[in-house]
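Per-entry structural report
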Amino acid sequence: MPTVYELDPVPTPELRDQLLRLWTDVSNAGGSVGFVPPVTPEDVRPELLGRLRAMAEGRSRLLTGRDGDRVVATAFLTLNTHRLMRHWVWLSTVMVEPARQGTGVGRELMAAAAEAARGLEGVRGIRLTLRAGGGLERFYASCGYQEAGRVPDAIRVAEGSYRDEVTMWLPLDSPD
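Thresholds, definitions, all that
- Residues numbered from 1 in each chain as written.
- Predicted model: local features only at pLDDT ≥ 70, side-chain atom pairs only at ≥ 80, totals over all residues.
- Heavy atoms only, no water.
- 1 Å grid on protein atoms, 1.4 Å probe; cavity = no way out; pocket = protein on both sides within 12 Å on 5 of 7 lines; lining within 4 Å.
- Points joined across faces, edges and corners; volume = space filled by probe spheres on them.
- Helix = DSSP H or I, 4+ residues; strand = E, 2+ residues; numbered from the N terminus.
- Core = buried A, V, L, I, M, F, W, Y, C linked by side-chain atoms within 4.5 Å.
- Buried < 20%, exposed > 50% of the residue type's maximum accessible area, 1.4 Å probe, protein only.
- Contact = heavy atoms within 4.5 Å.
- Salt bridge = Lys/Arg side-chain N within 4 Å of Asp/Glu carboxyl O.
- Pairing = 2+ DSSP bridges.
- Right-handed = clockwise from strand over helix to strand, strands pointing away.
- Expected span 1.5 Å × (residues − 1).

Brief notes about the layout of surface pockets
Space inside the largest pocket adds up to approximately 1000 Å³. Forming the walls of the largest pocket are 42 residues, and the residues nearest its centre are Ser32, Val33, Val94, Leu136 and Tyr140. Looking at the lining of the largest pocket, the element that brings in the most residues is strand β4 (residues 88-96), giving seven residues.

Next up, the structure:
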């Protein structure tokens with residue numbers, strides 16, 4: 001069954017529960033989505049509720065990938081409110097269900113995110129940050145992103161264990 005991507009799905013309780021499950025599963029599989037395993041749904045819930053609030057306030061957009069009724073991939077596009085930076089969006093919390101990683105769903109999700117950003121008025125680029133050390137730089141580069149900066153040891157994953165924070169940029173076709 002092909003994965004179907006949707007921007008701005010209705011935030012039902014069922015969707016909230018699926019996002020919570022996905023975020024917990026990805027985190028516990030070692031995904032770089034803001035947590036270090038092990039985590040429980042209760043650990044993730046406050047962060048998810050913050051994202052849902054941002055959506056309700058119009059500051060963020062949710063992109064989901066579904067196989068049937070099951071959410072298997074997500075990404076958040078956060079609008080930039082600074083008057084000098086409204087021409088780009090943040091892409092964050094890019095997640096693919098662990099069992100679907102390596103099947104092309106991640107590339108599809110990234111293409112759907114770029115298409116969604118192109119549909120936003122005046123947006124010329126997508127910026128994201130990642131935790132170095134897991135091969136994500138290669139993945140995002142293969143999706144057209146360029147490394148734009150790096151902060152050494154900016155992310156602490158455990159006592160005495162640090163990772164660089166890498167900023168990547170995807171230029172979009174100019175809407176001008």
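This is not the end of the story, as more comes after the structure.
Some thoughts on the nonpolar core
The biggest cluster of nonpolar side chains holds 29 residues, and the ones touching the most others in it are Leu91, Ile126, Leu128, Tyr140 and Tyr145. Going through the elements one at a time, β3 (70-79), β4, α3 (105-118), β5 (125-131) and β7 (161-171) are the ones with two or more residues in this core. Looking at this core element by element, the count peaks at eight residues for α3. With residues up to four places along the chain from it excluded, the contact list for Tyr140 reads Val94, Met110, Leu128, Leu130, Tyr145 and Met168. Listed in part, the 17 residues of the second largest apolar core include Val26, Val39, Met55 and Leu62.

Observations regarding the pattern of salt bridges
Across all of its chains, the model carries 15 salt bridges by this definition. The salt bridge involving Arg61 is made with Asp8; its shortest N-O contact spans 2.5 Å. On the criterion of sequence distance, the pair formed by Arg61 in strand β2 (residues 60-67) and Asp8 in the loop between β1 (4-7) and α1 (13-28) is long-range, its members being 53 residues apart. Classification of Arg61 as partly exposed rests on a relative accessible area of 23%.

Thoughts on the pairing of β5
Of all seven residues that make up β5, five are buried, and the element is covered over most of its length. Of the strand pairs in this sheet, β4 and β5 are connected by three bridges, and their pairing is parallel. The residue bridging Val89 from the neighbouring strand is Ile126, located in β5. On the question of chirality, the crossover connecting β4 to the parallel β5 by way of α3 is right-handed. For β5 and β7, the ladder comprises seven bridges, and the chain directions are antiparallel. Bridge pairing in β7 links Leu130 to Val166.

Notes on helix α2 (residues 41-56)
With 16 residues, α2 should cover 22 Å at 1.5 Å per step; its first-to-last C-alpha distance of 21 Å lies within 8% of that length. Taken as a whole, α2 has its buried residues at Val44, Leu48, Arg51, Leu52, Ala54 and Met55. Along its buried surface, α2 packs onto α1, β2, β3 and β4. Gly58, located one to two residues past α2, shows a positive phi value of around 80 degrees.

As for α1
Helix length check: α1 (16 residues) gives 23 Å between terminal C-alpha atoms against 22 Å at 1.5 Å per residue, within 8%. Three or more residues of α1 are buried, namely Leu15, Gln18, Leu19, Leu20, Leu22, Trp23, Thr24, Val26 and Ser27. Contacts made by the buried residues of α1 are with α2, β2, β3 and β4. Following α1 by one or two positions, Gly30 adopts a phi angle in the positive range, close to 95 degrees.

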